[in-house]
Amino acid sequence: MTKFVDKKLVDDFLDRLIRIEEEPIYMTGAQETERRKKIYQALLDTCEKNS
Amino acid sequence: MQLKTIKLLNFRQFYGNQKIDFSTDSEKNVTLIHAENGVGKTTLLNALLWCFYKDTTTKFELPENIVSEQAIKENKTNASVEVIFLDKGKTYSVIRKIDQENHHETFEAFKIETGNYEKLQSADVFVESIIPREMSKYFFFDGEYAETFSSSNNRRAVQTAVESMLGCNIALQALEDLENIRKKLKKEMGDASKNDQQAKIYQKKLDDIDDANFILKQDLSDKNKKLDGKISTKEKISKSLRETAGAKEIQIQKDEYEQVLKRLKNERANIEIEETNWIYNDSFGLLSKKISSDCSEFIEDAKTKKLLPGNIAYDFINKTLESEICICGRKFSKNSQEAIEISKLKKDATTQLRHDRFIAINSRISRLADLQNTSVDSYKSIIDKLSSQDELIGTTELKILDCKTKLGGNEIRDIAEKQNAINVLDEEIAEINMLIGGIKQTITSNEEEYSDWERKLEKRLKHDKNLDNVRDMLSVLEASKEFLEIELSNYREESRISIKSQVDDILKITARRNYHSSIDETFNLNMHYSDTDQVVAKSNGENQLLSLAFIASLVRFSADRRGQSNKLLKPGTMAPLMLDSPFGQLDPTYQESTANFLPNSSGQVILLLSKTQGAKKVLDALNGKIGEECVLISEVTAERGEKPLDIIDVGSEKITCSIYEAEKDRTIIRSLTGR
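Each value, and the rule that gives it
- Residue indices begin from 1 for each chain and proceed along its sequence in written order.
- Written order determines the labels here, with chains lettered from A and ligands numbered from 1.
- Only residues with pLDDT of at least 70 get local features here, since the model is predicted, and only at 80 or more are side-chain atom pairs given and counted; chain-wide, interface and lining totals rely on the full set of residues.
- Here, a strand pair is defined by DSSP locating no fewer than two bridges between the strands.
- Each helix is a run of H or I in the DSSP string that is no shorter than four residues. Each strand is a run of E no shorter than two, and both are numbered from the N terminus.
- Contact definition: two residues whose C-beta atoms, as placed from backbone geometry, lie within 7 Å.
- Here the expected span of a helix is defined as 1.5 Å times the quantity of residues minus one.
- pLDDT expresses, on a scale from 0 to 100, how confident the predictor is about each individual residue.
- Whether a residue is buried, exposed or partly exposed is read from the other C-beta atoms within 10 Å of its own C-beta, which are placed from the backbone; 20 or more gives buried, 12 or fewer gives exposed, and intermediate counts give partly exposed.
- Convention adopted: a line fitted to C-alpha atoms gives each axis, helices being fitted over their contacting stretch, and angles between N-to-C directions are expressed from 0 to 180 degrees.

S.K.: When you look at the pairing of strand 10 (residues 525–529) of chain B in this model, what are you seeing that I'm missing?
M.R.: When a strand is regular, its side chains alternate between the sheet's two faces. All names here are of chain B. Pairing analysis gives five bridges linking strand 9 (residues 515–519) to strand 10, with the strands arranged antiparallel. Across the sheet, residue serine 517 finds its bridge partner in strand 10, namely methionine 527. Where strand 9 folds back onto strand 10 in an antiparallel hairpin, the turn is made up of five residues, including phenylalanine 523, whose phi is positive at roughly 60°.

Quick look at the structure:
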């Protein structure tokens, strides 16, 4: 890691990320773009919560 | 997870309701399914895959035709497969049904408690939680393609297998998503500083590299698909070549049998001569039994009465009369009383010729009596010889017929053609691999260049307060990405070492020489001589042995990982190992040693074997481990003609696997358990 990043923040984001990745595509019908939108939002939420 | 029962209804050749019970005994954990080619071994494997995932192997031709031909003839369009299995002490059932005519399909899962079926929500998710789809192909495995794992140019297959069993897919997908979002954030940064000309230039460079890499990655994906296609074609031709090469061996065997048949027929002709000689020389002994016995009686009677062979010789009496001197020395005259008395003796006297004849007849009759005792035995011996010779001739003729059937359409002249096709494919594979290497290098170099431009852009924009939020997001994203990469790399390394160690353990007890394996960082699977560490130029059999050892190690590795999951990795799975024709390329010694280690590779092992695969040594090695056993029998409505009977030896029993002139065309399952 090149920069110091709060570990709690990373853990929080990883939790959200894995939950999104675990959702079976054939169950939700989510496409790749939709999944990435969710991850982007999760990242944004994590950072906003911290600020 | 353990399979308990599979129930089939009109699934391909399994017309009607059929079922197989699998062994769930922890000691006798092997279920043995015997079947000849085309009867339904591969169909059974695919029935499981179809039921669980609506998936089939590449070997399963026309996968859209699920309903049995016989059922269709009878206007039945429904088929189904139900699998009942145990998991963590509970019994479940999953059932997939299809109505081919109405294109209607259902898939349901149930928990079975005290005979009641309780429907579960979302059967797909449930099955996925028991054996994830990507892991399934290593549990339900087509053994005939096993050697492809360890053949050259197939690193991707090994890598995919390890990553599937490691449950890396979530982490890999997350990494790909994060990289995509990272680029999006970088672009946001570039777009946010539209007034900065220099930043715009940097962003343009980044966009160009992105576009170039997008095209390159598409090209890479195409090339990989092409490579997979070539490898698959090569495997198919290699298989066909092996069959053709096998045909050559069968041809040689057939020639040998024909030579044996010729010799046996010559020997039979000699026995026939022996029989003729017996008729000439010995048969009258039997035929004249009555006459010789009467003669013997007559002679004995005559001898008793001193009528035979006659007491005074006829010639001697004549000489006495001519000499007119009695044997006592007294003289007598021709017409004297003495001469008359001596002349009377002629009545009972015999000539030398008659005496000799009597001796000869007596001796002949004695010989006839002896012949009566020996000729029966000698005739029996000739008949026995003829009978065993006929049996040998019959067996050899059957073997020749079997060879002719096996030869089928395999033309020996195709060998060179097929070998040439393989050589051409090898060159094409090498060329595609070279192109893939080139593309990967360009992508890597582009990515390095991309990082440089990114750093420049970042430096340029680092004082832009408007971008602080994006920078924060990027920091968290990059830290998460780095964490995932390190975790994945550690797990890959751990799994590589663990699988290698298990493969080595298996090679130690199975391989003829001392070998050890290697799986390098690029997942190149190889076998080495233990003493010199040189890479072994593997035969087909050794390739298959190494691949089977690899599959067994993966399955064991997955079982060891049960409960060891973390956020990134799917938990390991304990599942049955079902192997279709696992002994194809192995010689009898390797077959035996593989049969020894397979039962220990999983809690439940299901082996689908043909006659050649289930050779005596294999069955002996599995003895004591078989909990359930069944045979698939083909019933056909056609006449037998010259087709072989397909008899398999199961223990002391011989079972006919092809029944002709049957009522229906179908495969039936006959359980051999408890026979």
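S.K.: Whenever I open this one, the environment of arginine 96 of chain B confuses me. Can you help?
M.R.: Residues and elements named next belong to chain B. Relative to the helices and strands, arginine 96 resides in strand 5 (residues 90–99). The spatial distance from the C-alpha of arginine 96 to the C-alpha of alanine 47 is 9.8 Å, given a sequence separation of 49 residues. Not counting residues up to four positions away in its chain, the partners in contact with arginine 96 are Trp50, Cys51, Lys54, Ser80, Val81 and Phe107.

S.K.: Help me understand helix 1 (residues 41–53) of chain B in this model?
M.R.: Note: α-helices contain 3.6 residues per turn, so residues at a spacing of three or four share the same orientation. Between its terminal C-alpha atoms helix 1 of chain B stretches 19 Å, which fits the 18 Å expected from 13 residues at 1.5 Å a residue. Of the residues trailing helix 1 of chain B, lysine 54 of chain B is marked for its positive phi of about 55°.

S.K.: Got a minute to help me understand the confidence of the model for chain B in this structure?
M.R.: For chain B, the mean per-residue pLDDT works out to 84, and 93% of the residues sit at or above 70. If you check the scores for this complex, the pTM reads 0.62 and the ipTM reads 0.90.

S.K.: Is there a simple way to explain the environment of isoleucine 209 of chain B in this structure?
M.R.: Residue and element names in this part refer to chain B. On the secondary structure map, isoleucine 209 appears in helix 7 (residues 197–281). Using a count of 21 C-beta atoms within 10 Å as the deciding quantity, one classes isoleucine 209 as buried. With 237 residues separating them along the chain, isoleucine 209 and asparagine 446 place their C-alpha atoms 6.4 Å apart. When neighbours within four sequence positions are excluded, isoleucine 209 is seen to be in contact with Asn446, Glu449 and Tyr450.

S.K.: For this particular structure, what's the right way to read the sheet that holds strand 2 (residues 14–21) of chain B?
M.R.: Strand pairing in a sheet takes place through backbone hydrogen bonds and is either antiparallel or parallel in direction. Residue and element names in this part refer to chain B. Reading across the sheet, the six strands line up as 2-1-4-5-6-7 and stay open at both edges, with antiparallel pairing between neighbours. For this open sheet the edge positions go to strand 2 and strand 7 (116–119), each flanked by a neighbour on one side alone. For this sheet the average axis-to-axis angle between neighbouring strands, irrespective of direction, equals 20°. Pairing of strand 4 (residues 78–87) with strand 5, which is carried by ten bridges, proceeds in the antiparallel orientation. Within strand 5, the position partnered with valine 83 by the bridge is valine 94. Those strands touched by helix 3 (residues 123–130) are strand 4, strand 5 and strand 6 (104–113), and its axis lies near 60° from that of strand 6.

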